[in-house]
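# Topology and contacts: notes
Chain by chain, the residues:
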Amino acid sequence: MKKLVAFVMIFTAFVSCNKSSNGQLVGVKGKKWHPEQPYGTTLVPGGSFIMGKSDEDRPAVQDAPTKTVTVRSFYMDETEITNSEYRQFVEWVRDSIVRTKLAILADETGEDDSASDKKVTGIAAYAFKDADTANLSVYDKYMLDNYYSMMDNYEGRKLNHDVDLILDKDEYPDEYYTEVMDSMYLPLEEAFNGNRPWDVKKFVYRYKWLDIEEAAKAHNKGKRRKDFIKTDTIEVYPDTTAWIRDFAYSYNEPMHNDYFWHDAYGDYPVVGVSWGQAKAFCDWRTLYRNSFIKKGQSHVNSFRLPSEAEWEYAARGGLSGASYPWGGPYTKNDRGCFLANFKPLRGDYAADQALYTVEADAYQPNDYNLYNMAGNVSEWTASSYDANAYEYMSTINPSVNQKANMRKVIRGGSWKDVAYFLQVSTRDYEYADSSRSFVGFRTVQDYMGTDVTSSKNTAR
């Protein structure tokens, strides 16, 4: 009898919680969702196109036979990632490392006075947020007691971002703070002319990612999710020495000294960034955006590098069979002005009114409102370079990313390239661990929701 009463009570409770369904299959009612277009991007509507070289293959590389493929909709940065935008990433990494060092030292020295009634000063102001356990939620307290306290690297503990960092050496609050800041600069024996810069080798970004392709291939082979979680650790500062190394017997020290950090070049595309650094930037951009998402809201889709097919589709701007993003077979307009930043003649870099790079939004955009898809800097893609890739890749969202293949596709040509490399179908590559003065990148994000295609630019 008691079991019957309990069953009736449970059944009654279940029915009472689902009165609105009236017993019908109505699905789980979630919150109304609206797509958010990331700042500085444009929507590239999905569709089909003929990928590859439809014109003459003059170098006879035979690596881009024509093939009809289809890509889904995605957002793409209107410009290459600029020095200013990449510096935001670098400074965020630097500041996070400084805050972590301050919080750890406050924890080790017992200077985490955040739980006391007296005013918090010095390094104590930078203690971990959970140093004051009185203000923790039940969940945070549980995680601290059962997980975070057992981790040697302080992973999972929340940094205190409410207090500004002090970068002026004359205003350091105490010796502990000074000790931490001193560890972030180059040692005195490496400084000269009274200038002691940051030790950029310590600007390291560490992130984890799930290798979903490997996990899918290993389906039902007894492996667990943790077996496919990978950790990457990347030095994020661009390799400014690329300006020297890329050009033997050439004076480019001003670009090495000033190009990345000086405000004069803030709107110019970042260069000297490896493929791994570009991927780390994508992860950080996703993390940074999600950190501002309010509770209860869905996180944004991950930012990533475009596949080779997505890049070419976007560069074409909806035009079929065109050699360049602007459509025509020529690099000049009807007034005799060059349409991109490249090397028009033998050694005549300045013929297009630009010696090195130009602002990321220079020249006219293509029909998808994308700037400099030809020239300025070549751009990393997510794809690995294989001369035969077009023969075996899928016809829907093709992507060839071979982990053992360090040759990664770059597209678009650059300020130091001849016109052939500016063509939307031309393939080129650099090694993933290389950093070049003529290679940058832009990011994409998958479009979610009702489909948008180039053949019908309205939601279906």
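You'll find the structure just up there.
Figured I'd write up the structure that's included with this text.

## Observations regarding the sheet that holds strand E11 (residues 439-440)
Here four strands make up an open sheet; going across it, the order is E10-E9-E8-E11 and the pairing mixed. One side of each edge strand has no neighbouring strand; the edge strands of this open sheet are strand E10 (428-431) and E11. Both strand E8 (residues 378-384) and strand E9 (residues 407-411) contribute to a ladder of three bridges, which runs antiparallel. The residue of E9 that forms the bridge with Trp380 is Ile410.

## Overview of the environment of Phe260
Tracing the backbone shows Phe260 in the loop between helix H7 (253-258) and helix H8 (275-290). Contacts of Phe260, omitting those with residues within four sequence positions, involve Asn83, Tyr86, Arg87, Val90, Tyr237, Pro238, Thr240 and Val270.

## What about unusual backbone geometry?
Of note, Tyr249 is a non-glycine position whose phi angle comes to about 55 degrees, a positive value. Of the residues examined, Tyr249 reaches a relative accessible area of 90% and is grouped as exposed. One non-glycine residue, Asn372, lies in positive phi territory at about 55 degrees. In this structure, Asn372 sits in the loop between helix H9 (308-316) and E8.

## Let's talk about the layout of surface pockets
In this structure, the second largest pocket encloses a volume near 950 Å³. Lining the second largest pocket are 25 residues; nearest its centre among them are Pro197, Trp198, Val200, Tyr237 and Trp261. Secondary-structure elements contributing two or more residues to the lining of the second largest pocket are helix H2 (83-109) and H7. Looking at the lining of the second largest pocket element by element, the count peaks at four residues for H2.

## Some words on empty space enclosed by the protein
Within the structure shown, the criterion is met by three cavities of 30 Å³ or more. Asn83, Pro238, Asp239, Thr240, Ala242, Trp243, Met255, Tyr259, Phe260, Val270, Val271 and Gly272 are the residues that line the largest cavity. Looking at the lining of the largest cavity residue by residue, the class counts come to eight nonpolar, three polar and one charged. One number sums up the size of the second largest cavity: a volume of about 40 Å³. If you go around the second largest cavity, the residues you meet are Met51, Glu308, Ala309, Ser383, Ala389, Met393, Pro398, Ser399 and Val400. In terms of residue class, the lining of the second largest cavity is made up of six nonpolar, two polar and one charged.

## Overview of the packing of H2 against helix H4 (residues 175-182)
Two elements in contact, H2 and H4, have axes whose closest approach is 10 Å; the angle formed by their N-to-C orientations is 140 degrees. One way to sum up the angle between H2 and H4 is to call them oblique. The element H2 and its partner H4 pack so that their crossing is right-handed. Note on element contacts: H4 touches H2 through Tyr176, Tyr177, Glu179, Val180 and Met181, opposite Val98, Lys101, Leu102, Leu105 and Thr109. Looking at the contact of H2 with H4, its residues break down into seven nonpolar, one polar and two charged.

## Overview of the side chain of Gln423
Note that Gln423 resides in the loop between E9 and E10. Under the relative-accessibility criterion, Gln423 is labelled buried at 13%. One polar contact links Gln423 to Lys53, side chain to side chain, over a distance of 2.9 Å. What Gln423 contacts, discounting residues up to four positions off in sequence, is Lys53, Asp55, Ser323 and Tyr324.

Rules behind the numbers
Residues numbered from 1 in each chain as written. Predicted model: local features only at pLDDT ≥ 70, side-chain atom pairs only at ≥ 80, totals over all residues. Heavy atoms only, no water. Pairing = 2+ DSSP bridges. Helix = DSSP H or I, 4+ residues; strand = E, 2+ residues; numbered from the N terminus. Contact = heavy atoms within 4.5 Å. Buried < 20%, exposed > 50% of the residue type's maximum accessible area, 1.4 Å probe, protein only. 1 Å grid on protein atoms, 1.4 Å probe; cavity = no way out; pocket = protein on both sides within 12 Å on 5 of 7 lines; lining within 4 Å. Points joined across faces, edges and corners; volume = space filled by probe spheres on them. Nonpolar A, V, L, I, M, F, W, Y, C, P; charged D, E, K, R; others polar. Axes fitted to C-alpha atoms, helices over the stretch in contact; angles between N-to-C directions. Parallel < 35°, antiparallel > 145°, perpendicular 65-115°, else oblique. Left-handed = near helix turned anticlockwise from the far one by under 90°. Polar contact = N/O pair within 3.5 Å; in protein donor to acceptor, adjacent residues only side chain to side chain.

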